[in-house]
Amino acid sequence: MEDIGFNMPIVSSGNMCKCSFGKFSIPLTSVNTVSIEKTPVITNTDTSKLISFGVCYSPANPAVQAAIVASLGQVKYAPCKSSIVTQWLNTKSTVLACGRPVCTSSSTCLCVFGGTISIINIKNFTVL
């Protein structure tokens, strides 16, 4: 790999991500063919497999609002059906995989219900 003059963490499949309004973390998976040590690299467009974080606590989610009403204020959550509205943000635009910027440890994306999805438990590779 080309020396780009600095160390930079690159996120790959198998890392976990979590929504700020979700209960569970889920693994990241990539649709890319670019790999480091046989592990696909995550790019800005790898959001299609972020389907559910288990349970949603967002007060902006209509399903959560309905659950609160139905339980007379007791239940404040509903099943998560994430609706990602952005690609991964805070990517490294100078390092590309399949022509797309790669994700780093600071990359996030957003759910329509106000959640911020962050990459956690990072076991990454470093580009030298």
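Residues numbered from 1 in each chain as written. Predicted model: local features only at pLDDT ≥ 70, side-chain atom pairs only at ≥ 80, totals over all residues. Heavy atoms only, no water.

### Quick look at the sheet that holds strand β10 (residues 108-110)
Using the following cut-off: Being paired, for any two strands, means DSSP has found at least two bridges between them. Secondary structure elements are defined from DSSP: runs of H or I of at least 4 residues count as helices, runs of E of at least 2 residues count as strands, and each element is numbered from the N terminus.
One open sheet holds the four strands; their spatial order is β3-β2-β11-β10, and the pairing between them is antiparallel. At either margin of the open sheet sits one strand with a lone partner, and together these are β3 (26-27) and β10. The pairing of strand β2 (residues 16-19) with strand β11 (residues 116-120) spans four bridges and is classified as antiparallel. Across the sheet, K18 pairs through a bridge with S118, a residue of β11.

### Remarks on unusual backbone geometry
The phi angle at L72 is positive, at roughly 55 degrees, despite the residue not being glycine. Note on placement: L72 falls in the loop between α1 (62-70) and β7 (78-79). Even without a glycine there, the phi angle at C98 is positive, about 55 degrees. Relative to the assigned elements, C98 resides in the loop between β8 (92-97) and β9 (100-102).

### Some points on the side chain of N15
Stated formally: Whether a residue is buried, partly exposed or exposed follows from its accessible area with a 1.4 Å probe, protein chains only, as a fraction of its type maximum: under 20%, in between, or over 50%, in that order. Definition of a polar contact: a pair of N or O atoms within 3.5 Å, with one able to donate and the other able to accept a hydrogen when the atoms are protein atoms, and with sequence-neighbouring residues admitted only if both atoms are side-chain atoms.
Here N15 lies in the loop between β1 (8-10) and β2. Assessed through its relative accessible area of 0%, N15 is described here as buried. A polar side-chain atom of N15 sits 2.7 Å from the main-chain carbonyl oxygen of S12.

### Examining the pairing of β8
A regular strand places its side chains so that they alternate between the two faces of the sheet. By the bridge criterion, three bridges tie β8 to β9 in an arrangement that is antiparallel. Pairing of A97 across the sheet is with R100, part of β9. Connecting the antiparallel pair β8 and β9 is a turn made up of two residues, with C98 showing a positive phi of about 55 degrees.

### Description of the nonpolar core
The condition that has to hold: What is meant by a nonpolar core is a set of buried Ala, Val, Leu, Ile, Met, Phe, Trp, Tyr and Cys residues, joined one to another through side-chain atoms within 4.5 Å. Contacts are residue-level and defined by heavy atoms, with any inter-residue pair within 4.5 Å sufficient.
By size, the foremost hydrophobic cluster in this structure holds 19 residues, and its most contacted members are C17, L28, L50, F53, W88 and I117. What I117 contacts, discounting residues up to four positions off in sequence, is C17, K18, C19, L50, F53, I84, W88, S107, T108, C109, L110 and C111. Counting residues in hydrophobic clusters, the runner-up holds six residues, among them I10, I36, V41 and V95.

### Points about a nonpolar patch on the surface
Note the following rule: Any residue with relative accessible area above 30% and no salt bridge may belong to a patch, with like charges joined within 9 Å and the nonpolar Val, Leu, Ile, Met, Phe, Trp and Tyr side chains within 5 Å. Here the accessible surface of atoms and residues is derived via Shrake-Rupley with a 1.4 Å probe, and residues count as covered only by protein chains that are part of the display. Salt bridges are defined as contacts in which a side-chain nitrogen from Lys or Arg sits within 4 Å of a carboxyl oxygen from Asp or Glu.
A surface patch of nonpolar side chains, about 300 Å² in accessible area, is lined by V85, L89, L110 and V112. Secondary-structure assignment places V85 in the loop between β7 and β8. A relative accessible area of 52% means that V85 is categorised as exposed.

### Regarding α1
Residue N61 occupies the N-cap position of α1, its side-chain oxygen lying 2.8 Å from the main-chain nitrogen of A63. In the segment just after α1, L72 is the residue with positive phi, at about 55 degrees.

### Section: the environment of Y57
Its place among the elements puts Y57 in the loop between β6 (55-56) and α1. Through-space distance from the C-alpha of Y57 to that of P79 is 8.9 Å; in sequence the pair is 22 residues apart.

### What about the environment of P27?
On the secondary structure map, P27 appears in strand β3. Considered as a pair, P27 and I119 are 92 residues apart in the sequence and their alpha carbons are 9.3 Å apart.

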